[in-house]
Amino acid sequence: MPAKKAKKNDIYVFGHKNPDTDSICSAIAYAHLKNQTGTKSAKPYRLGDISQETEFVLNYFDVPIPPLLQDIRVKVGDLNLYEPETLTEDQPVKMAWDMLVKSDGSRIIPIVASSNAENSGNSGNSGNSGNPENSNKTSKQVKGIIAMGDVTEIFMEVSDEDIVKRHEILYRNLIKILNGVQMGGEYKYEKLGGSLYIGTNFPDDVVINDNDVVITGKIDNAWRLAYEYNFGCIILTNGIQPKGLEGAKCAIVCVEYSMFKAVSLVSQAISLGSLVNTGDITTFSVDNYVDDISEIMRTSKHRNFPVIDENGQIYGIISRRHLISFAGKKVILVDHNERSQSVDGLAQAEITEIIDHHRIADIQTDSPLYIRSEPVGCTATIINRIYQESGVVIPQNIAGLMLSAILSDTLMFSSPTCTLTDKLAAEQLAAIAQVDIKTYGSEMFQAGTSLDKYSNEQILSLDRKRFTFGKITVYISQINTLDFASIATRLDDIMQQMQLFYESNDCELVILLITDIIASGSEIIAIGTQKDLLKTAFGLPVDENHIFLPGVVSRKKQIVPILTQLSTAGAV
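Residues numbered from 1 in each chain as written. Predicted model: local features only at pLDDT ≥ 70, side-chain atom pairs only at ≥ 80, totals over all residues. Heavy atoms only, no water.

Section: the packing of helix α1 (residues 21–36) against helix α14 (residues 396–409)
Between α1 and α14, the shortest axis-to-axis distance is 9 Å and the interhelical angle comes to 150 degrees. Taken together, the axes of α1 and α14 lie roughly antiparallel to each other. Here the hand of the crossing between α1 and α14 comes out left-handed. Of α14, the residues touching α1 (which contributes Thr21, Asp22, Cys25, Ile28, Ala29 and His32) are Ile398, Leu401, Met402, Ser404, Ala405, Ser408 and Asp409. Grouping the amino acids of the contact of α1 with α14 by side-chain chemistry returns seven nonpolar, four polar and two charged. (Axes fitted to C-alpha atoms, helices over the stretch in contact; angles between N-to-C directions. Helix = DSSP H or I, 4+ residues; strand = E, 2+ residues; numbered from the N terminus. Parallel < 35°, antiparallel > 145°, perpendicular 65-115°, else oblique. Left-handed = near helix turned anticlockwise from the far one by under 90°. Contact = heavy atoms within 4.5 Å. Nonpolar A, V, L, I, M, F, W, Y, C, P; charged D, E, K, R; others polar.)

Quick notes on the nonpolar core
Grouped burial of nonpolar side chains is what soluble globular proteins tend to show. Val13, Tyr30, Tyr387, Leu401, Met402, Leu403 and Tyr440 are the most contacted members of the largest nonpolar core, which has 50 residues in total. Contributing elements (two or more residues each) for this core: β1 (11–17), α1, α2 (52–60), β14 (330–334), α13 (379–390), α14, α15 (420–433) and α16 (437–448). Excluding residues that lie within four positions of it along the chain, Tyr440 makes contacts with Phe56, Val57, Tyr60, Phe61, Leu403, Ser404, Leu407 and Val435. With 37 residues, the next largest nonpolar core counts Leu100, Ile177, Cys233 and Ile270 among its residues. (Core = buried A, V, L, I, M, F, W, Y, C linked by side-chain atoms within 4.5 Å. Buried < 20%, exposed > 50% of the residue type's maximum accessible area, 1.4 Å probe, protein only.)

Looking at the sheet that holds strand β3 (residues 87–88)
Pairing is mixed across the open sheet formed by three strands, whose spatial order is β3-β4-β5. A single partner strand is all that each edge strand has here, and the edge strands are β3 and β5 (142–147). Two elements, β3 and strand β4 (residues 108–112), share two bridges in a ladder whose sense is parallel. Counterpart to Thr88 in the pairing with β4 is Val112. In this fold helix α3 (residues 93–101) packs onto β3, β4 and β5, with an angle of close to 145 degrees to the strand it touches most, β4. (Pairing = 2+ DSSP bridges.)

Some thoughts on the packing of aromatic side chains
Applying the stated criterion across every chain, the model contains 14 aromatic pairs. Through successive ring pairs, a cluster of aromatic residues spans Phe56, Tyr60, Phe61 and Tyr440. Arg73 extends its terminal NZ or CZ atom over the ring of Tyr289, reaching a point 3.8 Å from the ring centre. (Phe/Tyr/Trp six-rings, centres within 6.5 Å; stacked < 30°, edge-to-face > 60°. Lys NZ or Arg CZ within 6 Å of the ring centre and 35° of its normal.)

Thoughts on the side chain of Thr379
With respect to the element layout, Thr379 can be found in helix α13. By relative accessible area, which is 0% here, Thr379 ends up buried. Within the structure, Thr379 has its side chain in polar contact with the side chain of Asp335 (distance 2.9 Å). Excluding residues within four positions of it along the chain, Thr379 makes contact with Asp22, Ser26, Val334, Asp335, Ile355, Asp356 and His357. (Polar contact = N/O pair within 3.5 Å; in protein donor to acceptor, adjacent residues only side chain to side chain.)

A closer look at helix α22 (residues 560–568)
By the burial criterion, the buried members of α22 are Val560, Leu563, Leu566 and Ser567. All buried residues of α22 fall inside an arc of 125 degrees around its axis, so they share one side. Facing away from the buried side of α22, by more than 90 degrees, are the exposed residues Gln565 and Thr568. Contacts from the buried residues of α22 go to β17 (464–469), β18 (472–481), β19 (509–516), α20 (532–538) and α21 (555–558). (Arc of directions from axis to C-beta.)

With respect to the sheet that holds strand β12 (residues 304–308)
Where strands meet in a sheet, backbone hydrogen bonds hold them as pairs that are either parallel or antiparallel. Strand order in the open sheet formed by three strands is β11-β12-β13, with mixed pairing between adjacent strands. Every other strand in the sheet has two partners, leaving β11 (284–285) and β13 (314–319) as the edge strands with one partner each. As judged from the five bridges shared by β12 and β13, these two strands associate in the antiparallel manner. Bridge pairing links Ile308 to Ile314 in β13.

Focus on the confidence of the model for the chain
Averaged over every residue, the pLDDT of the chain is 85; residues scoring 70 or more account for 90%. Of the regions scoring below 50 in pLDDT, residues 1–7 engages in 28 contacts with residues more than four places distant in sequence or in other chains. Counted against residues more than four places away or in other chains, residues 117–139, with its pLDDT under 50, gives 48 contacts. (pLDDT = per-residue confidence, 0-100.)

As structure tokens, then:
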């Protein structure tokens, strides 16, 4: 069978889990840039829910929220599957044989439900049954599968009078397989429901019914069978013309084949629906991950399997060959480079680029890639520079997104992470976006720092990142607020929630930074067995879980580097 046409080779562009404004806006901006510079299939994604601040930004510049990406592992639907050429239950086994012998890959055929509207009638004209191309356009639920071995087995079966009782044979299919021409009369039934007689020797006690069919090679016997018995159909072989049978009420069919040949062809008219085993069929969904089904495929007696889409319809055929020939999805990481902060299944993906402004951590790749890492306050600042280097005009809405990312990450230039490069980029982008930095920035922070509608659990998860320092694992969350007094009344409840998170996760320390934008400082809260690290690093009192740190507003610049130094010095 021909292979399915290769899908568009999408490149997934995304930031870190629990995304902040920079993570979302940089993904959108960089995907746009890639599409303007020759990569036409870059698409932005997010790895979690967006914050109130990010929602405000996207709404302000009329940009849709990127779709959620939860796992980058390869799904069955991502593969270049075999095209599913299907047949219906009421089509003859001969059609399956013809399809299988010309197959160049998939040695199974999915059998789908019949279409009564297309297959109505009882003449020799088989309608859709005789046209496999028409049937292939009809996507239906899989009733079973048939393979080469099933067909060869039925072809070896000797046709006799009881073949009709063992298998379903449609009258129109039988006539078509025999290349028969109906010369007169009518067969009243869609299916052969009686017996199939060969020759003209019948037991004395035989009872002939109007649904019985007889194959004969002698015209004189045909007269007797037509007028003395109650046959439903008489098939004349050897090209005999039905002279004298004009008055017969039964169907008279003429075929050119010899009687021996005609009899041998009967089994080819058996309906596929009576052959398929509907109880022993393994199917996979387009949403199944390849590594989840590989063991099933390797240990199965079958080599090929139907793939079903989200509506339960046949989508394609997967074979064992696909298990060794598939490639991982191409991804571009922005605003992060640590596996713990990235999408699940990243090890199975092909990382093509990293654009980031954080420390270089534990990302390893099998092949070289493009890395752009600069000591600036925001990933969007780097992307803005790449736009300039590429000579690509920045649209107004994209400029607005990158400006928002810079203002967010630098706390409107008050963070120690902020550089002159960030300020210059923000001024340039504000001009393109046609906004005033101070006015717009105030509106953005006002919209994004209200925490009233968030639960304590949500506050901890809004911007939480996982870090490894030496032998310990630390989760660090950060929230910004313009109303520190309102959040201060919830500190006890927040610490209880931090304790629950600590107990249910494999880590040694959970930290929360509540950054007061007006006061330009942060309340740092710590829960865990390694809480003493904050005593060494920031002077946290022995019997306390929190302390206010004036001037500390950056997790990246003022918290993570100190903990990294302590781990290097052997303090953790």
